Amino acid sequence: MLFNRHLVAIFGSAPSREQGQAMKVELSPARMAEAIYSRSLIYFASVAETGSIRETSRRLNVAPSAVSRQLVHLQERLGVKLFDNLGHSLRLAPAGQELLQYYRSIVENLDVTVGAISALHGYRTGTVRIATVDSFATGALAQLIGEFSAAFPSIQISLSIHSAVDVAAHVTDGLADIGFTFNLRSRETLDALFKADCPMGVIVAASHPLASKAIVTYEECVAYPIGLLKPGSSIRSALERASASAAMPWPKYVEATSMRFLEELARTGRFVTFQPRYRFMSDFRKGTLVFVPIDDTTKDSDEFVMVIDRRLNLRPAPAEFARFAGRYLAELAAMAG
């Protein structure tokens, strides 16, 4: 690469023993970047992102003149123009675009390096990218992440919420390290580290006519307005199958991407919202809401799974989370019987 010999400029003296001990708490990709890359390159990346020397100086808490000097220094060392001046903003020149792309690729790999260094010293840092279905995110996942963060405070969590199909796709495509989803189909590339059967049901307000029933049918449910997750969710797919097999017309419904919003609809006392019951959770704790199982003769339950990509070796931080989550969920399942 054209810029390789110019990029790395390790600066500062070797850390003292006390500084090394402090690093155990503070080691992160950001800290590594500060230690490894020249100040001019860090300033360059910030200006490339913001398009403004003044905004970079504000974010990094340095004088605008210091940022300008570092950019001039970097351009002189490389012998190329990195930015086009547009008056009130700066735009990357072709050489600047190439440099930024290279810089980002190195920074992305820092997480791997940080994890490896952490493992050598017996502690963990890094980032875990999690993709999950909404119903699990609004239930047990927050408690799980809270317990994990208490045990591993240096590990960062990045969470995204998707449909069941998209969760699997995110793990397969490398956009997430770990996925929580239902009814895994792509078994060629994904491994299930935890499984649990979850019966489909509805949640309704305690005052709703269906709340007193031990079990309900789809036909009974669709006599009322219903709340639905948008297409792509396992709940939506199950209802579509049942509707087609029973030749039922679609009822009046509200469609949303948030399970939490659908629960609030159910609290109004008018709407019926479909949701799986996580068997490994001992109680259904939704305050004024009641869970009622659905009598589904075609499918007794949905299979909840925690998945990883079997083709890859997990980095230290995701591997630690996978072990922790597997034990945590297994213990909940055992307690729930």
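Above: the structure in question.
As a starting point, this report considers the structure included with it.

Cut-offs and rules
Residues numbered from 1 in each chain as written. Predicted model: local features only at pLDDT ≥ 70, side-chain atom pairs only at ≥ 80, totals over all residues. Heavy atoms only, no water. Axes fitted to C-alpha atoms, helices over the stretch in contact; angles between N-to-C directions. Helix = DSSP H or I, 4+ residues; strand = E, 2+ residues; numbered from the N terminus. Parallel < 35°, antiparallel > 145°, perpendicular 65-115°, else oblique. Left-handed = near helix turned anticlockwise from the far one by under 90°. Contact = heavy atoms within 4.5 Å. Nonpolar A, V, L, I, M, F, W, Y, C, P; charged D, E, K, R; others polar. Pairing = 2+ DSSP bridges. Core = buried A, V, L, I, M, F, W, Y, C linked by side-chain atoms within 4.5 Å. Buried < 20%, exposed > 50% of the residue type's maximum accessible area, 1.4 Å probe, protein only.

Two packed helices can be described by the angle between their axes and the distance between those axes. The N-to-C vectors of helix 5 (residues 53-60) and helix 6 (residues 64-78) enclose an angle of 115°; their axes lie 8 Å apart at closest approach. As the angle between them shows, helix 5 and helix 6 are arranged roughly perpendicular. Judged by the twist between their axes, the crossing of helix 5 over helix 6 is right-handed. Contacts between helix 5 and helix 6 involve Ile53, Thr56 and Ser57 on the former and, on the latter, Pro64, Val67, Ser68 and Leu71. A breakdown of the residues in the contact of helix 5 with helix 6 according to their chemical character gives four nonpolar, three polar and no charged.

This paragraph deals with the sheet that holds strand 5 (residues 178-182). The strand order across the open sheet built from five strands is 4-3-5-12-6, with neighbouring strands paired in mixed fashion. Where the open sheet ends on each side, the last strands, each with one partner, are strand 4 (155-162) and strand 6 (190-198). Recorded for the sheet is a direction-independent mean angle of 15° between the axes of neighbouring strands. Strand direction decides the pairing type here: strand 3 (residues 126-133) and strand 4, joined by eight bridges, are parallel. The residue of strand 4 that forms the bridge with valine 133 is histidine 162. Along the sheet, helix 9 (residues 140-151) contacts strand 3, strand 4 and strand 5; its crossing angle with strand 4, the most-contacted strand, is approximately 170°. Helix 10 (residues 164-172) rests against strand 3, strand 4, strand 5, strand 6 and strand 12 (302-309) of the sheet, and its axis sits at about 155° to strand 5.

A word on the nonpolar core. Within soluble globular proteins, side chains that are nonpolar tend to cluster in buried spots. Ranked by internal contacts, the top residues of the largest apolar core, which has 39 residues, are Phe136, Leu144, Ile178, Phe180, Phe304, Phe321 and Leu329. Mapped by element, the contributors of at least two residues to this core are strand 3, helix 9, helix 10, strand 5, strand 6, strand 12 and helix 14 (316-336). For this core, the leading source of residues is helix 14, giving eight residues. Core analysis: the next-biggest nonpolar cluster, separate from the first, contains 18 residues, Phe44, Val47, Leu78 and Leu100 among them.

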